[in-house]
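# What the coordinates show
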Amino acid sequence: MSIDPARLARDGGAAVRTAPLPSVMDSSGRRFGDEEVKAVEGVLRSGMLSSTWGTEVPALEHEFAALLGANHAVACSSGTAALHLAVAAVDPEPGDEIITTPISDMGTVIPILMQNAVPVFADVDQETGNLSPATVAAAITPRTRAVIVVHLFGKPAPVRELRELCDRNGLMLIEDCAQAYLARVGDTVAGRIGHIGCFSLQQTKHISAGDGGLAVTDDAALARRMRLFSDKGWPRDTTERTYLFLAVNYRMSELVGAVARAQLPRLPGVVADRRTAAARATAALSDLAGVTVPPDVGDHVYWQYPLILDPDVAGDLQEWAAALTAEGIPANGGYLTGALYSAPVLRDKVTYGRSGYPLEDVEYPVGLCPTAEDLINRRLLVLPWNENYTADDVDDVVAAVRKVHAVLAGVQG
Ligand SMILES: *Cc1c(COP(=O)(O)O)cnc(C)c1O
């Protein structure tokens, strides 16, 4: 008896894909080569592993600032740390508000709470999952100090409009670019429209050094404040030996800096290859009823490849994710298990001791951001993406999506 090629793997059919796709979890989906090995060895043999006296991290800062066309870059220990530098540079009063998105990594939100400010969640655009100028404008109050916008999955948010809105209201705009290296925004890139742009070097990002972060700005005062905040408030640019304000130690080590420096020249190729693979998928998936491919006007850098389902036409999101995973394409239904504000840290105010501070008078009810919740619960199907996907890999992803669609969309009404 021959195998029915249309029968889903979850129902006992043959999987589209049996070999694993290139993955960010091992060398198959990462570009670490002799340059990185030599860079690490050079640091070790030099005997100087600290960026306070070393040369690699200062060189990385210089090269990253040049790559983005920024006046300053400050390196630190993670993307979350980079965002913390940015919020510390805003220097909110306790209880001030910072507007952000409910669909992101919690690293977007933690720095707000760490600086005793209140995260205010604005709803997102249903096609991109990004903040929109209208939702942010509606969330501004007299206590708002800043906006942290995320370029979700590598699709640029409308940052020019958000910057105008912020300027009109005397707010700082921080761009969380952890998923959006070199994403085109007009004649520049993500991270250059806001006052500060923040990047991550965590394992799964476009480039990596395990962990690490970078914050860019054109503003010398903001850059100095971020550098001081990452270095215990110790003013190394003066002859003073003192601690200027409450700060942390988020310094990047020379080992990390050396790897990140070796990764930088690979970045344009990583982005181009992710875009090429995504264009192939998009061309092959654009005709599926109830499935919307990611909008791309030459700007998306595809940290992941998100599809938006119309569940009434295409079928159930979690069934899709399970069926695709069974076909050998590890899909993620919803990206998050819930909006960020539904996590215990925010919902139950698990912050400083039992005080609930600074959220005593804040509630984050279910339904706060209905579009975001609908995306997470019913619509957002996230496919892992990678610079090392071959055309055959993409064709397998496409074949799996089309196969699952034929069954799950077929059973709708
Ligand atoms: C990864 C990520 C972060 C946090 O970066 P870390 O380096 O893991 O601290 C913040 N925001 C977004 C959007 C991310 O994807």
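Keep in mind that this is a model prediction, so the values were computed, not measured.

Definitions and limits used
- Residues numbered from 1 in each chain as written.
- Predicted model: local features only at pLDDT ≥ 70, side-chain atom pairs only at ≥ 80, totals over all residues.
- Heavy atoms only, no water.
- Helix = DSSP H or I, 4+ residues; strand = E, 2+ residues; numbered from the N terminus.
- Buried < 20%, exposed > 50% of the residue type's maximum accessible area, 1.4 Å probe, protein only.
- Lys, Arg positive; Asp, Glu negative; His and termini not counted.
- Salt bridge = Lys/Arg side-chain N within 4 Å of Asp/Glu carboxyl O.
- Polar contact = N/O pair within 3.5 Å; in protein donor to acceptor, adjacent residues only side chain to side chain.
- Contact = heavy atoms within 4.5 Å.
- Pairing = 2+ DSSP bridges.
- Arc of directions from axis to C-beta.
- Core = buried A, V, L, I, M, F, W, Y, C linked by side-chain atoms within 4.5 Å.
- Near = heavy atom within 4 Å.
- Areas by Shrake-Rupley, 256 points an atom, 1.4 Å probe, with all protein chains shown as cover.
- Nonpolar A, V, L, I, M, F, W, Y, C, P; charged D, E, K, R; others polar.
- Patch = residues over 30% accessible without salt bridge, like charges linked within 9 Å, V, L, I, M, F, W, Y side chains within 5 Å.
- 1 Å grid on protein atoms, 1.4 Å probe; cavity = no way out; pocket = protein on both sides within 12 Å on 5 of 7 lines; lining within 4 Å.
- Points joined across faces, edges and corners; volume = space filled by probe spheres on them.
- Domains from an automatic or database assignment.
- Axes fitted to C-alpha atoms, helices over the stretch in contact; angles between N-to-C directions.
- Parallel < 35°, antiparallel > 145°, perpendicular 65-115°, else oblique.
- Left-handed = near helix turned anticlockwise from the far one by under 90°.

By secondary structure assignment, the location of Glu373 is in helix 13 (residues 370–379). There is no salt bridge for the buried Glu373, and the closest opposite charge comes from Arg378, which lies 11 Å off by N-O distance. One polar contact links the side chain of Glu373 to the main-chain amide nitrogen of Gly367, over a distance of 2.7 Å. Filtering out sequence-adjacent residues up to four positions away, Glu373 remains in contact with Ala339, Tyr341, Pro365, Val366, Gly367 and Leu368.

Okay, the sheet that holds strand 12 (residues 332–333) next. Pairing is antiparallel in the open sheet, where four strands are placed in the order 10-11-13-12. Either end of the sheet is taken by a strand with one partner, and the two such strands are strand 10 (291–292) and strand 12. Taken together, the five bridges between strand 11 (residues 304–309) and strand 13 (residues 380–384) define a ladder with antiparallel strand orientation. In the strand pairing of strand 13, Pro306 is matched with Val382.

With that settled, consider helix 13. Three or more residues of helix 13 are buried, namely Ala372, Glu373, Leu375 and Ile376. The buried side chains of helix 13 occupy one side of the element, clustering within an arc of 160 degrees when seen end-on. Along its buried surface, helix 13 packs onto strand 11, helix 11 (317–326), strand 12 and strand 13.

Looking now at the nonpolar core. Judged by nonpolar contacts, the single largest core of 72 residues is most densely connected at Phe64, Ile103 and Tyr335. Looking at which element gives the most residues to this core, the answer is helix 2 (residues 56–68), with five residues. In this structure Phe64 touches Ala73, Tyr181, Phe199, Leu214, Val216 and Leu264, once residues within four positions along its chain are discounted. Core analysis: the next-biggest nonpolar cluster, separate from the first, contains 32 residues, Leu288, Val291, Val394 and Val397 among them.

Lining the immediate environment of the ligand, one finds 14 residues, of which Gly79, Thr80, Asp176, Ser200 and Lys205 sit closest. In this structure, Thr80 approaches the ligand through a side-chain N or O atom, which is 2.5 Å from an oxygen atom. With respect to the ligand, the side chain of Lys205 contributes an N or O atom lying 2.6 Å from an oxygen atom. In isolation the ligand offers 380 Å² of accessible surface; the protein chains occlude 93% of this area. Partitioned by chemical class, the residues of the shell around the ligand number three nonpolar, eight polar and three charged.

On to a nonpolar patch on the surface, then. There is a patch of nonpolar side chains on the surface, built from Ile110, Met114 and Tyr352 and spanning about 250 Å² of accessible area. Summarising the element assignment, Ile110 is placed in helix 4 (residues 110–114). Classification of Ile110 by relative accessible area gives partly exposed; the value is 36%.

Here we come to empty space enclosed by the protein. If a probe as big as a water molecule is rolled over the atoms, it shows which places are left empty. As enumerated under the stated definition, the model contains one cavity of 30 Å³ or more in all. Taken as a whole, the largest cavity spans an internal volume of roughly 70 Å³. Along its surface, the largest cavity is lined by Glu127, Thr128, Leu152, Phe153, Lys155, Thr292, Val293, Pro294, Pro295, His300, Pro306 and Ile308. Residue composition of the lining of the largest cavity, grouped by class: seven nonpolar, three polar and two charged. Residue-level mapping places the lining of the largest cavity at the junction of two domains, with at least three residues from each of domain 1 (34–266) and domain 2 (267–412).

For the pair helix 11 and helix 14 (residues 391–408), interaxial distance at closest approach is 10 Å and the crossing angle is 135 degrees. Here helix 11 lies oblique to helix 14, going by the angle between them. By crossing handedness, the relation of helix 11 to helix 14 is classed as right-handed. Residue-level inspection shows Glu319, Trp320, Ala323 and Leu324 of helix 11 in contact with helix 14, the latter providing Ala400, Val401, Val404, His405 and Leu408. The residue inventory of the contact of helix 11 with helix 14, partitioned by class, reads seven nonpolar, one polar and one charged.

If you trace the backbone, Leu60 turns up in helix 2. Looking at Leu60, the relative accessible area reads 0%, which means it is buried. Considering only alpha carbons, one finds Leu60 and Leu214, 154 residues apart in sequence, at a separation of 9.4 Å. Contacts of Leu60, omitting those with residues within four sequence positions, involve Leu214, Met252, Gly257, Ala260, Arg261 and Leu264.

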